[in-house]
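# Architecture and fold: a report
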Amino acid sequence: MKNIAIIGASGYTGAQITALIDADASLSIQGLYVSENSLDKGRLLADLYPTYQHIQIPLSPLSAAAKQTIVEQADAVVLATEHSVSLELAAFFYQQGLAVFDLSGAYRFADVEQYPKWYGFEHTQAAVLADAVYGLAEWNHEQIAQSKMIAVPGCYPTASLTALKPLKPMLTDAYPVINAVSGVTGAGRKAQLHTSFCEVSLTPYGVLGHRHQPEIATQLGQEVIFTPHLGNFKRGILATITVQLAKGTTEADIAAAYQIYDDCPLVSVKHNQFPKVDDVVNTPNCIVGWKYDPQSNYLVVASAIDNLMKGAASQGLQCIKIHFGL
Ligand SMILES: NC(=O)C1=CN([C@@H]2O[C@H](COP(=O)(O)OP(=O)(O)OC[C@H]3O[C@@H](n4cnc5c(N)ncnc54)[C@H](OP(=O)(O)O)[C@@H]3O)[C@@H](O)[C@H]2O)C=CC1
Ligand SMILES: CC(=O)N[C@@H](CCC(=O)OP(=O)(O)O)C(=O)O
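Quick caveat, the model's predicted, so the values are computed rather than measured.

## Brief notes about the domain arrangement of the chain
- You can read the domains of the chain as domain 1 (2-131) and domain 2 (155-307).
- The gap between the C-alpha centroids of domain 1 and domain 2 is 27 Å.
- In this assembly, twelve residues from domain 1 lie in contact with 13 residues from domain 2.
- Counting the surface lost from both domain 1 and domain 2, the interface buries some 1100 Å², and carbon and sulfur atoms represent 54% of this.

Dropping the structure here:
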């Protein structure tokens, strides 16, 4: 039994991973934490989220004493906190010997120079960053098993990389074009004008400047054009990707490449059949659908996940289970 502390447990991804850990017989919850001055400190998770009525655990303020208790009692921490908060907390717990599963982007780039540009802070933890591995569960099993510092991927990168990585040997110099739509929970639980009910309407954002573009490009080893969109639904991501493949590529080549997922129960791949967001909402699954034109060598591939599940919490759980050999 591995004992897990969840920090940021009142947020959307934190509450989701709390529910997953609570339901897993090989894991226990050491405690649920929010910031020291949180308006929610002392409240029960079940009171914030009546869906989780069975989780009658209080949200504790993450004081210095609480951090010490976590170090003494927990095997691992999940950080469901914003990037700049995770930056320091991950280093603290990692250096105390705990395994860290960070849902934020604070440890996803190996190169410290990327952080000021994409995250707006200098990365102050180069030594910890050097040990961090990228937790794309279907691809990085060995690294996740070996390192105690796991950077769980972003939601859009999970959807995009799952579709694109098998195709890497067939890509040309032409950039794959990724158009993705996310539900509003992707922006987190805190109140913001652009995610308020009356403001949300399908629109692109972060055009030619979203931090997930370099995350996808780094992990794919190929530049991409990435355009995220905010949709007027709660959960889920659909990434529709147009990609030019090398001359001579056949449908059989593509089908063979996607067979890499034959042993992956959470990823299913369909030919000439496309997923809907609702097919994956509230599931840990990724569904990929593709269609190819051998005359032009253009492939359209769509990838659907639940942003809070495969895009964050359930992939975090996969990493925990891989890491501890459960
Ligand atoms: N939402 C999504 O679909 C995805 C999110 N992510 C990443 O996961 C992380 C969490 O996202 P999300 O759940 O959406 O965010 P939320 O805004 O919903 O939740 C953030 C949580 O962090 C807590 N928190 C804030 N400051 C501190 C602090 N100093 N110490 C401890 N807890 C703190 C908040 O509680 P309080 O403020 O009351 O203390 C809250 O519980 C982010 O880095 C995000 O980028 C990754 C993939 C997908
Ligand atoms: C709809 C929405 O706002 N989505 C978030 C992505 C959430 C995610 O994957 O988070 P991190 O990479 O930040 O951890 C965004 O575009 O910033």
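## Things to note about the site of ligand 2
- With respect to spatial proximity, 15 residues lie near ligand 2, and among them Arg-108, Cys-155, Tyr-205, Arg-211 and His-212 are the closest.
- Side-chain polar atom of His-83 to an oxygen atom of ligand 2: 3.3 Å apart, as the coordinates give it.
- Here an oxygen atom of ligand 2 and a side-chain polar atom of Tyr-205 are 2.6 Å apart.
- Bound to the protein, ligand 2 loses 85% of the 430 Å² it would expose on its own.
- Looking at the shell around ligand 2 residue by residue, the classes come out as six nonpolar, seven polar and two charged.
- Taken together, domain 1 (2-131) and domain 2 (155-307) each give at least three residues to the shell around ligand 2, which thus spans both.

## Things to note about the UniProt feature "domain: Semialdehyde dehydrogenase NAD-binding" (unreviewed entry) in the chain
- According to UniProt, the positions carrying the feature "domain: Semialdehyde dehydrogenase NAD-binding" (unreviewed entry) are residues 3-147.
- Secondary structure content for residues 3-147 is 39% helix and 18% strand, and the end C-alpha separation is 18 Å.

## Some words on the site of ligand 1
- Every one of the 27 residues lining ligand 1 counts as a neighbour, but Ser-10, Thr-13, Ser-35, Ser-38 and Thr-81 are closest to it.
- The side chain of Thr-13 places a nitrogen or oxygen atom 2.8 Å from an oxygen atom of ligand 1.
- A distance of 2.7 Å is found between an oxygen atom of ligand 1 and a backbone nitrogen or oxygen belonging to Thr-81.
- In isolation ligand 1 exposes 900 Å². Once the protein is present, 81% of that is buried.
- Looking at the shell around ligand 1, the elements with two or more residues in it are helix H1 (12-22), helix H4 (83-95) and helix H11 (309-323).

## Examining the sheet that holds strand S14 (residues 298-305)
- Spatial strand order, S9-S10-S8-S11-S14-S13-S12: seven strands in an open sheet with mixed pairing. Of all strands in the sheet, those with a lone pairing partner are strand S9 (203-204) and strand S12 (267-271), marking the two edges.
- Where strand S8 (residues 177-182) lies against strand S11 (residues 237-244), six bridges are found, and the strand directions are antiparallel. Residue pairing across strands places Ser-182 opposite Ile-237, the latter belonging to S11.
- Set on the sheet, helix H8 (residues 155-164) makes contact with S8, strand S10 (225-230), S11, S12, strand S13 (286-293) and S14; between it and S11 the angle comes to about 40°.

Here is what the cut-offs are and how they apply
- Residues numbered from 1 in each chain as written.
- Chains lettered and ligands numbered in written order.
- Predicted model: local features only at pLDDT ≥ 70, side-chain atom pairs only at ≥ 80, totals over all residues.
- Heavy atoms only, no water.
- Domains from an automatic or database assignment.
- Contact = heavy atoms within 4.5 Å.
- Buried area = accessible area lost by both parts, 1.4 Å probe.
- Near = heavy atom within 4 Å.
- Polar contact = N/O pair within 3.5 Å; in protein donor to acceptor, adjacent residues only side chain to side chain.
- Areas by Shrake-Rupley, 256 points an atom, 1.4 Å probe, with all protein chains shown as cover.
- Nonpolar A, V, L, I, M, F, W, Y, C, P; charged D, E, K, R; others polar.
- UniProt positions renumbered as here; feature names shortened; annotations may be inferred.
- Helix = DSSP H or I, 4+ residues; strand = E, 2+ residues; numbered from the N terminus.
- Pairing = 2+ DSSP bridges.
- Axes fitted to C-alpha atoms, helices over the stretch in contact; angles between N-to-C directions.

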